[in-house]
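Read off the chains here:
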Amino acid sequence: MAEQRLLPGDLHWYDLPDDEAEQDVPQERPRRRIFGARIQPGRRILGARIQPSRRSLGRRVRRAATNSTAILLLLAAWEALPRLGVVDPVFVPPLSENLAAWYDLLAGGRLSEHLGASLARSLAGFGLAIVLAIPLGLLIGWYKPVADFLTPLLELFRNTSAVALLPVFTLILGIGETTKVAFVLYACSWPILLNTVSGVKTVEPLLIKSARSMGLGPVRLFQKVILPAAVPAIFTGVRLAGAYSILVLLFAEMVGAKAGLGYLILDTQSSFRIPDMYAGIITISALGVLFNLLLVGVERRFSTWRTT
């Protein structure tokens, strides 16, 4: 039987509409109200997306303004009090004069030379302290025989000021670079060592018991429980040591040094170049703040597992 050809306009029986069939009518999706406006689900309102970010930005701005208020007041007082005659401008020049002296030292290259020398000594002693003090602190905190053997010696030296031992370092090691690095190393080791020991000894005993009940051996227990729990205390010691590495270096650079921020401050004070002296002090303060912020960022990077 030959196939019947359809002409335009012809219909088959299956093309006719079914009266009893239900036609598919698209259901209206439920609407929601956001900030008084009716929207379809899945659609975004510009105000609804931007509003939370604006609030968080406002909170950050207010927090930054609150945290910097005291510093701004100090800087304003430093500028105003010498100009008003409340303090002698010869010994405490206005802040603007000190900043001008700081810029002259920077433009002349002297500040970069002194800053580079101080940073090299500080970072060398600080890095050696981290490498030596953290493993020793973990060993003392984890193994009781080692702690019993070294604790009396630690108690003896921890109560001896590092500045008081500077003449001893100078007599034994001379006045070269080795003395300055060793002095920074000694001063930075104590906060790292003591905080590491404290961090290991103050681990929650329940965590240790739970780990042992799960079959963890001493090595895995130390790796998975003790060390992560001690990380906050270790970084507290590292941050303290970072501040010490700059502070004690100033004393070391005042003895037999020809470059460094400590030498700059002592030299400008003895030659009565007071604005240059304050420029060195401002540089040290800014360096300490930046160093602390860097260590805080590193601490957050290695402590992301902690809950806030």
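All values reported here derive from a predicted model rather than from experimental measurement.

1. With respect to the overall build of the protein
Okay, so step 1: Across its full length, the protein holds ten helices and two strands.
Okay, so step 2: Written out in order from the N terminus, the α and β elements of the protein read β-β-α-α-α-α-α-α-α-α-α-α.
Okay, so step 3: For the protein, the share of sequence-separated contacts (at least 6 apart) that also reach a separation of at least 24 residues comes to 68%.
Okay, so step 4: A total of about 20,700 Å² of accessible surface is found on the protein, and carbon and sulfur atoms cover 64% of it.

2. Observations concerning the packing of aromatic side chains
Okay, so step 1: With the rule as written, the count across this model stands at six aromatic pairs.
Okay, so step 2: Linked through ring pairs, Phe169, Phe183, Tyr186 and Trp190 together constitute an aromatic cluster.

3. Structural notes on the pattern of salt bridges
It is possible for side chains bearing opposite charge to pair when their charged atoms get close.
Okay, so step 1: All chains considered together, the criterion is met by seven salt bridges.
Okay, so step 2: As a salt-bridge pair, Arg121 and Glu177 come within 2.7 Å of each other at their nearest N and O atoms. Remark: Glu177 occurs in helix 6 (residues 177-201) and Arg121 occurs in helix 3 (residues 110-142); sequence separation between them is 56 residues.
Okay, so step 3: A salt bridge links Asp276 to Arg273; the shortest N-O distance between them is 3.5 Å.
Okay, so step 4: The class for Asp276 is buried, based on a relative accessible area of 15%.

About the cut-offs
For every chain, the first residue of the written sequence is number 1, and numbering continues from 1 along that sequence. With the structure being a predicted model, the display of local features is reserved for residues of pLDDT at least 70 and the display and counting of side-chain atom pairs for 80 or more, all residues being used for whole-chain, interface and lining totals. Remark: hydrogens and water are excluded; side-chain values derive from all non-hydrogen atoms of the structure. A run of DSSP states H or I qualifies as a helix once it reaches four residues; a run of E qualifies as a strand once it reaches two. Both are numbered from the N-terminal end. The contact criterion used is simple: two residues touch if any of their non-hydrogen atoms lie within 4.5 Å. For the area figures, the Shrake-Rupley method with a 1.4 Å probe applies, and any residue is considered shielded solely by the protein chains shown. Stacked, edge-to-face and tilted labels apply to pairs of Phe, Tyr and Trp rings (six-membered ring for Trp) whose centres lie within 6.5 Å, assigned for plane angles under 30 degrees, over 60, and everything in between, in that order. The salt bridge definition used is simple: a Lys or Arg side-chain nitrogen within 4 Å of an Asp or Glu carboxyl oxygen. Whether a residue is buried, partly exposed or exposed follows from its accessible area with a 1.4 Å probe, protein chains only, as a fraction of its type maximum: under 20%, in between, or over 50%, in that order.

Function cannot be inferred from these measures alone, as they are strictly geometric.
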